[in-house]
Amino acid sequence: MWWRLWRALLRVLVVGCVAGVEEEDDQTLCQYPGLTHFLLDYTSHYTYTEVHIVVTGQEEDTELLVAARRLLLLGHTWTTNIINVARRPDQLRTLSVPSATTPYATMVRATAQPPSSQAPPDDHHSSFTKPVFITTVATALALHSILDWKIGEEARSVPWLVIGVTMKPLLTHQHYFPLDNMVLLALWPDGGTRHRVQLWEVYQAARVLPHRISKVGLWRPPQALAHLGPPCPRASSSGHGQQEQEEKQEEEVTYFPNLNIATRRLDLTGLHIRCLTESWQPFTNNRPLKGGGVTIGGFMGETFQLMSDFFNFTYECRSAPDDQFGDYEDGAWTGLVGELVAGRGDVIVTALDSTYHRSQVIGFCFPSGDIEYILIIRKPEADPWSNFTRQLQPATWLACLAFVVLAPVLYFFLASRSPFLVTLTLQDSWFTIQTLLLNQGNLCVQGLARRVFFLTVVMTTWLIITFYTSVLVSYLTVPLITPPFTDMAGLLRKGTHSLGLQKGNSEVERLRTSQDPMLQEVWSKIVVKDPANLVPTSEEGLQKVLEEKFVFLMEKNYYQFHMGGDCTTTTLREKVFTFGAGIAVQKDSPLRLVFSHHTLVQHVSGIMDRSRRRHQPAMPSCSTQVVEALGLPPLVTVFIVLVVAIPLAILFLLLEWVVSKAMQRHSTKTPDKRGAHNRLQQRQQRRQQHPHPRPPLPHTLWGQPVTQLLDLVNSPR
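Residues numbered from 1 in each chain as written. Predicted model: local features only at pLDDT ≥ 70, side-chain atom pairs only at ≥ 80, totals over all residues. Heavy atoms only, no water.

**Quick look at the overall build of the chain**
Line of reasoning, step 1. On a plain count of helices and strands, the chain comes out with 24 helices and 22 strands.
Line of reasoning, step 2. The burial tally for the chain puts 38% of its 717 residues in the buried class.
Line of reasoning, step 3. Considering only contacts in the chain between residues 6 or more positions apart, those separated by 24 or more positions represent 72%.
Line of reasoning, step 4. Entry remark: accessible area of the chain is about 41900 Å², with carbon and sulfur atoms responsible for 60%. (Helix = DSSP H or I, 4+ residues; strand = E, 2+ residues; numbered from the N terminus. Buried < 20%, exposed > 50% of the residue type's maximum accessible area, 1.4 Å probe, protein only. Contact = heavy atoms within 4.5 Å. Areas by Shrake-Rupley, 256 points an atom, 1.4 Å probe, with all protein chains shown as cover.)

Shown next as structure tokens:
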């Protein structure tokens, strides 16, 4: 309860102090009328959490200090700093450097408490900071003389708001405003006689080019605050009252510029860009010129020309002396990256993808497209010897063999234990199941166990035969080409092929610095083992693929452009690397902002995709559309089996005939009397156990008495 009472009393005191300060200050200050309310609207619109007021203690800073004091009393932002560079020049440099670990707690500052109606900032709000620096035109000029502080160049990482009456003192050759500067000029026209603020931006395409000025916003106080402040002396109208009335009606709406300053950097007239490029179709397809330069083709060359026409800049391009993209070798950068690092170029226009080491020395813009690195291998030839065995994998063949061998054993065990089945020998069980596998035999069986077992055998057989025949028919129609391996792990495990990379490309750095244990092993055991694996050009790498047991790691778009119609090579299904690629500029170059934004606009509008499809050739198919009759090579395996099986069958027949004759001769020489006697005794025992009386003779036969017929038969003729 006491805490609530104290909070209410504190609010009353703050409001009273603000009212007193405003009443006192408004009686004497008329240069920037409505400055406090403008700063409140400005910081609220952009949701700034830290406001740093930069002053030098001069008379021109009086109104800004008054507004800063009001912001402190109102507690509008979590942090409000007043930096007097005349006393603490090092404080400005420390605060203006963007860092996640800026030691704000060790600096002398005035910190405003949060409004009583709001809860204290939680951990999320305390970790999020969005600062802005506010100063005057006079202070900006003083910073240049005191600290050699060039506000245009220092405002590339954090926004600055510069208030004043005119911007002319800043528009000199001593002040350079890069394309990515975040300086917003808030000007009070008419000598502060009217409650309105015009917002302007200034930029230069290059240091030696003139300043480009554009009006980007306007602020007017709300109607409820329009009467605040005493009437300041008005300047003479000089007969332009009607023009001022029309301007007032036209500029009635308050609006602030959006934070994306790249949308307003549209005029680069007079800028000449030194372009570096290498051909990498379909991204760039360059043509050499007589003077040593090149003309950029491809869809990136087309879109870069659109940028030149839109921004009105000129450019000339050339290739790197070593025709490489760039890699760090022997303590120096090679290729295009080396030329850009050395300052012999302004921008790289080609399919240059970003790597960690490259990003430390140059800046990458928004990607123009994606590049995928795949493995290229010589297309395997069809193997006629495995036409009827490759339909199933080795493990599947073993499973089928186990089924054929174990099913008769299980049936023998079932028949020997079931009371409804006649006991069979293992040989009889074998032939029963094998005939069932061939869809033969008697299915009229008794016993539930036997029926379930036979049904399982039949269904399994049908499944295997159906799958095998369907794959066999499809393969005989379209031959199946099986590479020796399908990915990088298979290449390492097989150990029969070498892996090649193009020297100076990003895949060399990615494979060399990869944290993947498998890729590290590939680099150390395959690539580094032979220096010839690093080839200077992709054409040489593809030639080695055709001549040796060589696998080439290559970018997919480039391969499809050059080798899409070549059926002597093929790609493996694994995508080793996938990254974005596009334009790159010098480290911290202001051009990065403009090129990144316009590349994104081309993507969103569809310009980039349409241009890419236009420059990407259609992929030819290696399969023929002509239906051909099935020849002998695909069926050679079957004929070989028949040729081998028929002589074997004849050989087995001869062996059986020889064995049978030998057994007959042996039985005639040594008759088995004991065996014959035993068989006779067994026959007599069966007759005694099951006697069969003779049937009585009939009385008549063919109409005659039987006795007469017997007498006729027995009588002598």
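**Points about the state of the cysteines**
Line of reasoning, step 1. Applying the stated rule across the entire model yields one disulfide.
Line of reasoning, step 2. What pairs with cysteine 275 in a disulfide is cysteine 317, and their sulfur atoms sit 2.4 Å apart. Between cysteine 275 and cysteine 317, the disulfide has an S-S torsion of 95° and is therefore right-handed. Residue cysteine 275 is located in strand β8 (residues 272-276), and its partner cysteine 317 is located in strand β11 (residues 314-318); the two are separated by 42 residues in the primary sequence.
Line of reasoning, step 3. Residue cysteine 275 is classed as buried on the basis of its relative accessible area, which comes to 1%. (Disulfide = S-S within 2.5 Å.)

**Considering the sheet that holds strand β2 (residues 79-84)**
Line of reasoning, step 1. As summarised here, the arrangement of the seven strands in space is β2-β1-β3-β4-β5-β6-β7, forming an open sheet in which the pairing is mixed. Edge strands, defined here as strands with exactly one partner in the open sheet, are β2 and β7 (212-219). Averaged over all neighbouring strand pairs, the angle between strand axes comes to 25°, with direction disregarded.
Line of reasoning, step 2. Here strand β1 (residues 50-55) runs beside strand β3 (residues 131-136); their pairing, made up of four bridges, is parallel. (Pairing = 2+ DSSP bridges. Axes fitted to C-alpha atoms, helices over the stretch in contact; angles between N-to-C directions.)

**What to know about the pairing of strand β4 (residues 160-164)**
Across a regular strand the side chains alternate sides, sitting on one face of the sheet and then on the other.
Line of reasoning, step 1. β4 sits mainly inside the fold: five of its five residues count as buried.
Line of reasoning, step 2. Neither face of β4 is open: one carries Trp160, Val162 and Gly164, the other Leu161 and Ile163, and all of them are buried.
Line of reasoning, step 3. Alignment of β3 against β4, held across four bridges, turns out to be parallel. When the sheet's bridge partners are listed, threonine 135 is paired in β4 with valine 162.
Line of reasoning, step 4. One ladder, built from five bridges, connects β4 with strand β5 (residues 183-187); its direction is parallel. If you follow tryptophan 160 over to β5, its bridge partner there is valine 183.

**Focus on the pattern of salt bridges**
Line of reasoning, step 1. Counted according to the given criterion, the structure contains 16 salt bridges.
Line of reasoning, step 2. We note a salt bridge from arginine 207 to glutamate 153, for which the minimum N-O separation is 3.3 Å. Here arginine 207 is found in the loop between β6 (197-203) and β7, whereas its partner glutamate 153 is found in helix α7 (residues 151-154), with 54 residues between them in sequence.
Line of reasoning, step 3. For arginine 207, a relative accessible area of 48% translates into the label partly exposed.
Line of reasoning, step 4. Linking lysine 556 and glutamate 372 is a salt bridge whose minimum nitrogen-to-oxygen distance equals 3.7 Å. Of this pair, lysine 556 sits in helix α19 (residues 556-563) while glutamate 372 sits in strand β16 (residues 369-378); the two residues are 184 residues apart in sequence, bridging distant segments of the chain.
Line of reasoning, step 5. With a relative accessible area of 26%, lysine 556 lands in the partly exposed category.
Line of reasoning, step 6. Accessibility expressed as a relative area gives 18% for glutamate 372, which makes it buried.
Line of reasoning, step 7. Sharing partners across several salt bridges, the network here consists of Glu201, Arg264 and Arg265. (Salt bridge = Lys/Arg side-chain N within 4 Å of Asp/Glu carboxyl O.)

**Quick notes on the packing of helix α2 (residues 35-45) against helix α3 (residues 62-74)**
Helix-helix packing: each pair is described by the crossing angle between the helix axes and the interaxial distance.
Line of reasoning, step 1. Where α2 meets α3, the axes come as close as 9 Å, and the angle between the chain directions of the two elements is 55°. Between α2 and α3, the interaxial angle falls into the category oblique. Between α2 and α3 the crossing geometry is right-handed. Touching Leu35, Thr36, Leu39 and Leu40 of α2 are Glu63, Leu64, Ala67, Arg70, Leu71 and Leu74, all from α3.
Line of reasoning, step 2. Here the residues of the contact of α2 with α3 are counted per class, giving seven nonpolar, one polar and two charged. (Parallel < 35°, antiparallel > 145°, perpendicular 65-115°, else oblique. Left-handed = near helix turned anticlockwise from the far one by under 90°. Nonpolar A, V, L, I, M, F, W, Y, C, P; charged D, E, K, R; others polar.)

**Quick notes on a positive patch on the surface**
Line of reasoning, step 1. A contiguous patch of positive charge, built from Arg378, Arg493, Lys494 and Lys549, is present on the exposed surface.
Line of reasoning, step 2. The residue arginine 493 is located in helix α15 (residues 488-494) in this model.
Line of reasoning, step 3. On the basis of relative accessible area, arginine 493 is assigned to the exposed category, the value being 65%. (Patch = residues over 30% accessible without salt bridge, like charges linked within 9 Å, V, L, I, M, F, W, Y side chains within 5 Å. Lys, Arg positive; Asp, Glu negative; His and termini not counted. Charge placed at Lys NZ, Arg CZ, Asp CG, Glu CD.)

**A word on the nonpolar core**
Line of reasoning, step 1. Formed by 75 residues in total, the largest nonpolar core has its most connected members in Leu271, Phe313, Val347, Leu499 and Phe595.
Line of reasoning, step 2. The leading source of residues in this core is strand β20 (residues 569-586), at seven residues.
Line of reasoning, step 3. With 27 residues, the next largest nonpolar core counts Phe38, Leu40, Ala186 and Trp219 among its residues. (Core = buried A, V, L, I, M, F, W, Y, C linked by side-chain atoms within 4.5 Å.)

**Some remarks on the confidence of the model for the chain**
Line of reasoning, step 1. For the chain, the average pLDDT comes to 79, and 74% of its residues sit at 70 or higher.
Line of reasoning, step 2. The element-level mean pLDDT for the chain is lowest in helix α8 (residues 241-250), coming to 46, with β8 highest at 97.
Line of reasoning, step 3. Scored below 50 in pLDDT, residues 99-126 shows 34 contacts in the model against residues more than four places distant or in partner chains.
Line of reasoning, step 4. Counting contacts from residues 234-247, a segment whose pLDDT is below 50, to residues more than four positions away or on other chains yields seven contacts. (pLDDT = per-residue confidence, 0-100.)

**Some points on a negative patch on the surface**
Line of reasoning, step 1. Taken together, the side chains of Asp322, Asp323, Glu329 and Asp330 define an acidic patch exposed on the protein surface.
Line of reasoning, step 2. Checked against the element boundaries, glutamate 329 lands in strand β12 (residues 328-329).

**A word on a nonpolar patch on the surface**
Line of reasoning, step 1. On the surface, Ile640, Val643, Val644, Leu648, Leu651, Phe652 and Leu655 cluster together into a nonpolar patch covering about 610 Å² of accessible area.
Line of reasoning, step 2. On the accessibility criterion, leucine 655 (48% relative accessible area) is partly exposed.

**Examining the packing of aromatic side chains**
Line of reasoning, step 1. With the rule as written, the count across this model stands at 28 aromatic pairs.
Line of reasoning, step 2. With 5.0 Å between their ring centres and 45° between their planes, phenylalanine 283 and phenylalanine 299 make a pair best called tilted. Taken together, the residues span a long stretch of sequence, with phenylalanine 283 in the loop between β8 and β9 (287-288) and phenylalanine 299 in helix α9 (residues 298-311) at a distance of 16 residues. Here the two residues phenylalanine 283 and phenylalanine 299 agree in accessibility, since each one is buried.
Line of reasoning, step 3. With 6.4 Å between their ring centres and 55° between their planes, phenylalanine 313 and tyrosine 315 make a pair best called tilted.
Line of reasoning, step 4. One aromatic cluster is present, formed by Tyr32, Phe38, Tyr42, Tyr46, Tyr48, Trp188, Trp219 and Phe256 through successive ring pairs.
Line of reasoning, step 5. Above the plane of the ring of tyrosine 48 lies lysine 130, whose end atom (NZ or CZ) is 5.4 Å from the centre.
Line of reasoning, step 6. Over the ring of phenylalanine 579 we find arginine 510; its NZ or CZ atom is 3.4 Å from the centre of that ring. (Phe/Tyr/Trp six-rings, centres within 6.5 Å; stacked < 30°, edge-to-face > 60°. Lys NZ or Arg CZ within 6 Å of the ring centre and 35° of its normal.)

**Description of unusual backbone geometry**
Line of reasoning, step 1. Residue glutamine 281 is joined to proline 282 through a cis peptide bond whose omega torsion reads 0°.
Line of reasoning, step 2. With a phi close to 55°, aspartate 330 is a non-glycine residue in the positive phi region.

**Re the packing of helix α12 (residues 394-417) against helix α14 (residues 448-477)**
Line of reasoning, step 1. Running from N to C, α12 and α14 cross one another at 165°; their axes reach a closest spacing of 12 Å. On the basis of the axis angle, α12 is roughly antiparallel to α14. In terms of crossing hand, the pair formed by α12 and α14 is left-handed. Touching Trp397, Cys400, Phe403, Ala407, Leu410, Tyr411 and Leu414 of α12 are Ala449, Arg450, Phe453, Phe454, Val457, Thr460, Thr461, Ile464 and Tyr468, all from α14.

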